[in-house]
Amino acid sequence: MLIERQQDVTPAVLEVMKRTQDPRMREIMVSLVTHLHGFIRDVRLTEAEFRDATAILNEIGALASDTHNEFVLMAGSLGVSSLVCLLNNGDGGNTETSQSLLGPFWRLNSPRVGNGGTIVRSDTPGDPLFVSARVVDGAGRPIAGAEVDVWHASPVGLYENQDPEQAEMNLRGKFTTDADGRFWFSSVMMVGYPIPTDGVVGRLLKAQDRHPMRPAHLHALIFKPGFKVLISQVYDSNDPHIGSDVQFGVTKALLGDFVRHDEPHPVEPGVSAPWYSLDYTYVMEPGEAVLPRPPIK
C-alpha cells in the first residue's frame, strides 16, 4: 500500500501487524498500533516532541544497572505496574487480592532464616519490629512448606543495595511456613522513603509537582508449587503518605496494622520500648509457580 496522506499510515501498519502468526502477539501488536497511533493523533505529537520522547526512552535504558531499574520505577510512577497487577489477580480485578508490585529492589538468593530469627545483619538503629504472618489459600486453609522471601528498607529509607553502610543482604531473609502456614521473625521498623529522583522519573515528578514518597511497607514473595507466586507489600496504615503513594501501589487489602507498644516486650526482655508488631494473613491463588525475573542482581 502506497502512503499518500497521514490517514493511510495506520491501515498500512495494521495490515502488516495482522500477519503475525502468534495469536497473542498479533492481538497485542494490533491493539498497540491502534492505540499508539490514536495517541499521536490525539495530542498532535510534534517532530521535536517525538525526538525528545525517543531520547528519553534511550536514557531510561541507559540508566539500568545491577542495582537500579529506571523502567520499573517509571512503570510504577505511571500506575502501569499496579494496573497490570490488579487486572491479573483477584478474579480479574473483581475481588481483593494480596498481590502487589514487585518493585525494583527484589534480589534472588536471600539467606535462609529459621522461624523466630532476625533479618538484621548489621548495626541498624531503629525500633524493634516483630512480624507474625500466616499464608492461606482462598478458603482460609493453611499452606505449609511455602517459601517466603521478605525484604524492606531500613529506618533511614534505604535498601541494603543502595546503602554501603549496611551489610550484604541486610533486612532480607527467606522463611518456610510451618504446618499451620505460619512464619515469624524480627527486624526493625521501616519508614517511608523517596524513590530515586536523579533520573527520568525524577524529572517527571518535578514537572507534575508530585512528591516522590512511598509509604512504609514490608515486601514478601511467596513460592509454593500449585499456587501462583504471591508478590506482596504490606503498608503501614499510619504512614502520612498512605493515600498518595507515588507508585500507586496501596490497596485496601494491603493495609497492615503496625502496632506500637510502649510497654516491655512480654517474652523478649532485652527489647526496649517502643517496639512494633505486625500480624498479617497472605492469601495465595491457585496457579503456576513461576518466579519473576529479578529487577536487580
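Note: the structure precedes this text.
The rules behind each value
Per chain, the residues get numbers from 1 upward, laid out in the order the sequence is written. This being a predicted model, a pLDDT of at least 70 is required before a residue's local features are given, and a value of 80 or more before pairs of side-chain atoms are given or counted; all residues contribute to the totals for chains, interfaces and linings. Hydrogens and water molecules were not included; the side-chain quantities draw on all heavy atoms of the structure. In DSSP terms, a helix is any run of H or I states spanning at least four residues, a strand is any run of E spanning at least two, and both are numbered starting from the N terminus. Each accessible area value is a Shrake-Rupley result obtained with a 1.4 Å probe; residue values ignore everything except the protein chains displayed when judging cover. Note that His is not counted, nor are the chain ends; the positive residues are Lys and Arg, and the negative ones are Asp and Glu. Note on charges: their place is set at NZ of Lys, CZ of Arg, CG of Asp or CD of Glu. Whether two strands pair depends on DSSP finding at least two bridges between them. Exposure categories follow from relative accessible area, calculated using a 1.4 Å probe and restricted to protein chains: below 20% of the type maximum is buried, above 50% is exposed, and the middle band is partly exposed. Angles here are taken between N-to-C directions and fall from 0 to 180 degrees, while the axes themselves are lines fitted to C-alpha atoms, restricted in helices to the stretch in contact. Here, a salt bridge means any side-chain nitrogen of Lys or Arg that lies within 4 Å of a carboxyl oxygen of Asp or Glu. Take the buried residues of types Ala, Val, Leu, Ile, Met, Phe, Trp, Tyr and Cys, join any two whose side-chain atoms come within 4.5 Å, and each joined set is a nonpolar core. Two residues form a contact once any of their heavy atoms are found within 4.5 Å. An angle below 35 degrees is read as roughly parallel, one above 145 as roughly antiparallel, one from 65 to 115 as roughly perpendicular, and any other as oblique. When residues are grouped by polarity, Ala, Val, Leu, Ile, Met, Phe, Trp, Tyr, Cys and Pro land in nonpolar, Asp, Glu, Lys and Arg in charged, and all others, Gly among them, in polar.

Visitor: Before we go on, may I ask you to explain the overall build of the protein chain in this structure?
Guide: Counting its regular elements, the protein chain contains seven helices and 11 strands. Projected onto its principal axes, the C-alpha positions of the protein chain cover 80 × 40 × 30 Å. On the protein chain, roughly 16,000 Å² of surface is accessible, and the fraction owed to carbon and sulfur atoms is 56%. Side-chain charges in the protein chain split into 26 positive and 37 negative, and the spacing between the mean points of these groups amounts to 7 Å.

Visitor: Would you take a moment to explain the sheet that holds strand S8 (residues 230-236) for this structure?
Guide: By way of backbone hydrogen bonds, the strands of a sheet pair with one another, either parallel or antiparallel. With respect to topology, five strands assemble into an open sheet ordered S3-S2-S7-S8-S9, the strand pairing being mixed. The outermost strands of the open sheet, each flanked by one partner alone, are strand S3 (172-176) and strand S9 (255-256). Sheet analysis places strand S7 (residues 217-223) next to S8, joined by six bridges and oriented antiparallel. Bridging from a neighbouring strand, histidine 219 pairs with glutamine 233 of S8.

Visitor: Help me understand the pairing of S7 in this model?
Guide: In terms of burial, S7 is a largely internal element, six of the seven residues being buried. Inspection of the sheet shows strand S2 (residues 147-151) paired to S7 by five bridges, in the antiparallel sense. Counted as the bridge partner of valine 150 is alanine 220 from S7. Hairpin geometry of S7 and S8 is characterised by an intervening segment of six residues between the two adjacent antiparallel strands and by a positive phi of about 95 degrees at glycine 226.

Visitor: Looking at this model, I keep getting lost on the environment of threonine 176. Mind explaining?
Guide: Looking at where threonine 176 falls in the secondary structure, it is placed in strand S3. Taking the C-alpha atoms as reference points, threonine 176 and aspartate 149, separated by 27 residues in sequence, lie 8.9 Å from one another.

Visitor: Please explain the sheet that holds strand S11 (residues 275-283) as it appears in this structure.
Guide: Ordered in space as S4-S1-S11-S10, the four strands form an open sheet in which the pairing is mixed. A single partner strand is all that each edge strand has here, and the edge strands are strand S4 (182-188) and strand S10 (259-261). Adjacent strand axes in the sheet meet at a mean angle of 20 degrees when their direction is disregarded. Alignment of S10 against S11, held across three bridges, turns out to be antiparallel. Its bridge partner lying in S11, arginine 260 is registered against tyrosine 276.

Visitor: Explanation requested: the pattern of salt bridges in the structure shown.
Guide: Charged atoms that come close allow side chains of opposite charge to pair. Summed over all chains, the structure comprises nine salt bridges. Across the pair glutamate 168 and arginine 107 runs a salt bridge whose closest N-O atoms are separated by 2.8 Å. Here arginine 107 lies in the loop between helix H6 (90-93) and strand S1 (128-136) and glutamate 168 lies in the loop between S2 and S3, a separation of 61 residues in the sequence. Classification of glutamate 168 by relative accessible area gives exposed; the value is 53%.

Visitor: Is there a simple way to explain the nonpolar core in this structure?
Guide: Looking at soluble globular proteins, one finds that nonpolar side chains tend to be buried together. By size, the foremost hydrophobic cluster in this structure holds 30 residues, and its most contacted members are Val135, Val150, Phe183, Phe185, Ile222 and Tyr282. Every element with two or more residues in this core is listed here: S1, S2, S4, S7, S8 and S11. The residues touching phenylalanine 185, leaving out its near neighbours within four places in the chain, are Gly116, Gly117, Ile119, Leu129, Phe130, Val131, Val150, Phe175 and Leu218. Within the second largest apolar cluster, 11 residues are counted, among which are Ala153, Tyr159, Val229 and Ile296.

Visitor: Before we go on, may I ask you to explain the packing of helix H4 (residues 70-77) against helix H7 (residues 200-207) in this structure?
Guide: Think of two packed helices as two axes; the pair is described by the angle between the axes and how far apart they sit. The geometry of H4 relative to H7 is characterised by a closest axis approach of 9 Å and an angle of 25 degrees between their N-to-C directions. Taken together, the axes of H4 and H7 lie roughly parallel to each other. For the pair formed by H4 and H7, the contact residues are Glu70, Leu73, Met74 and Ser77 on the first element and Val200, Val201 and Leu204 on the second. Residue classes in the contact of H4 with H7 are distributed as five nonpolar, one polar and one charged.

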